[in-house]
Amino acid sequence: MTRKQHGLSIGINRENERFFISLKAQGILTHRDYETITPLLDGALAEVNDPKVRIMIDGSEFEGWELQAAWDDLKLGLKHGSEFERIAIYGNADWQQWIARTASWFIAGEVRFFDNYIDALDWLCDNKVGATRK
């Protein structure tokens, strides 16, 4: 029997003085995944007055959504779109770049796609993009 992981890992990270939410999507996301993810994100954002959130999305192992999950993702973006200051999407597929452009229609802040994780992190955290790290 072949086992295949899917889902979304959520974390809070810090780069120098900048905090951000990190999300890593794996496999094909399902409606059940969003039934778990959505209340967690809603609860976290509800506790912050006037949130201006930065998010790093690692889509390097992401394969897409089931149809209902794609709808869930859109609803989540519409609900919280004004709270996102910057979203960096790191991935390795052309369709992910298209998703980043489309997401910018629903998000008040900036959304950018990167095929290099360090460049995405640098942009997200206001570092010089492509800067050498220690």
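Everything below is about the structure shown above.
Analysis parameters
Residues numbered from 1 in each chain as written. Predicted model: local features only at pLDDT ≥ 70, side-chain atom pairs only at ≥ 80, totals over all residues. Heavy atoms only, no water. Helix = DSSP H or I, 4+ residues; strand = E, 2+ residues; numbered from the N terminus. Rg over C-alpha atoms; globule rule 2.2 N^0.38 Å. Buried < 20%, exposed > 50% of the residue type's maximum accessible area, 1.4 Å probe, protein only. Expected span 1.5 Å × (residues − 1). Arc of directions from axis to C-beta. Contact = heavy atoms within 4.5 Å. Phe/Tyr/Trp six-rings, centres within 6.5 Å; stacked < 30°, edge-to-face > 60°. Lys NZ or Arg CZ within 6 Å of the ring centre and 35° of its normal. Pairing = 2+ DSSP bridges. Axes fitted to C-alpha atoms, helices over the stretch in contact; angles between N-to-C directions. Parallel < 35°, antiparallel > 145°, perpendicular 65-115°, else oblique. Nonpolar A, V, L, I, M, F, W, Y, C, P; charged D, E, K, R; others polar.

So, on to the overall build of the chain. Secondary structure summary: the chain contains four helices and five strands in total. Secondary structure elements of the chain occur, N-terminal to C-terminal, as β-β-α-β-α-β-α-β-α. For a compact globule of 134 residues, the expected C-alpha radius of gyration is about 14 Å, and the chain comes in at 15 Å, within 12% of that figure. With 134 residues in all, the chain has 42% of them scored as buried.

A separate point is helix α2 (residues 67-80). Structurally, the α-helix is built with 3.6 residues per turn, so residues lying three or four positions apart point the same way. Helix length check: α2 (14 residues) gives 20 Å between terminal C-alpha atoms against 20 Å at 1.5 Å per residue, within 8%. Among the residues of α2, Ala69, Asp72, Leu76, Gly77 and His80 are the ones counted as buried. Mapping the buried residues of α2 onto a view down its axis gives an arc of 135°, with all of them on the same face. Relative to its buried face, α2 has exposed residues pointing more than 90 degrees away, namely Leu67 and Leu78. Those residues of α2 hidden inside the fold are in contact with β2 (18-29), α1 (31-46), β3 (53-65) and β4 (84-90).

What the rule picks out here adds up to five aromatic pairs. For the ring pair Phe62 and Trp95, a centre distance of 5.6 Å and an interplane angle of 50° mean the geometry is tilted. With a gap of 33 residues between them, Phe62 in strand β3 and Trp95 in helix α3 (residues 94-103) connect regions that are remote in the sequence. You can call Phe62 buried: its relative accessible area is 12%. By relative accessible area, which is 33% here, Trp95 ends up partly exposed. Centre to centre, the rings of Tyr90 and Tyr117 are 5.5 Å apart; their planes meet at 85°, and the pair counts as edge-to-face. Of this pair, Tyr90 sits in strand β4 while Tyr117 sits in helix α4 (residues 117-124), and the two are 27 residues apart along the sequence. Exposure remark for Tyr90: the relative accessible area of 19% places this residue in the buried category. Connected via pairs of aromatic rings, a cluster forms that spans Phe62, Trp65 and Trp95. The ring centre of Trp123 lies 4.6 Å from the NZ or CZ of Arg86, which sits over that ring.

Two orientations exist for strands paired in a sheet by backbone hydrogen bonds: parallel and antiparallel. Taking strand neighbours across the sheet as the criterion, the five strands line up as β1-β2-β3-β4-β5 in an open arrangement whose pairing is mixed. Edge positions in the sheet fall to β1 (7-15) and β5 (110-114), since each has one partner strand and no second. Across the sheet, the mean angle from the axis of one strand to that of its neighbour is 20°, orientation sign disregarded. With nine bridges joining them, β1 and β2 adopt antiparallel strand pairing. Residue pairing for β2: Ser9 is matched across the bridge by Lys24. Helix-sheet contacts for α1 involve β1, β2, β3 and β4, and the interaxial angle to β2 is about 170°. Seen against the sheet, α3 touches β3, β4 and β5 and runs at an angle of roughly 140° to β3.

Take the packing of α1 against α2 next. Remark: α1 packs on α2, axes separated minimally by 9 Å, with the N-to-C direction vectors making an angle of 10°. Relative to α2, the element α1 lies roughly parallel. Every residue of α2 that contacts α1 at His31, Tyr34, Thr38, Leu41, Asp42 and Leu45 is listed here: Gln68, Ala69, Asp72, Asp73, Leu76, Lys79 and His80. Residue composition of the contact of α1 with α2, grouped by class: five nonpolar, four polar and four charged.

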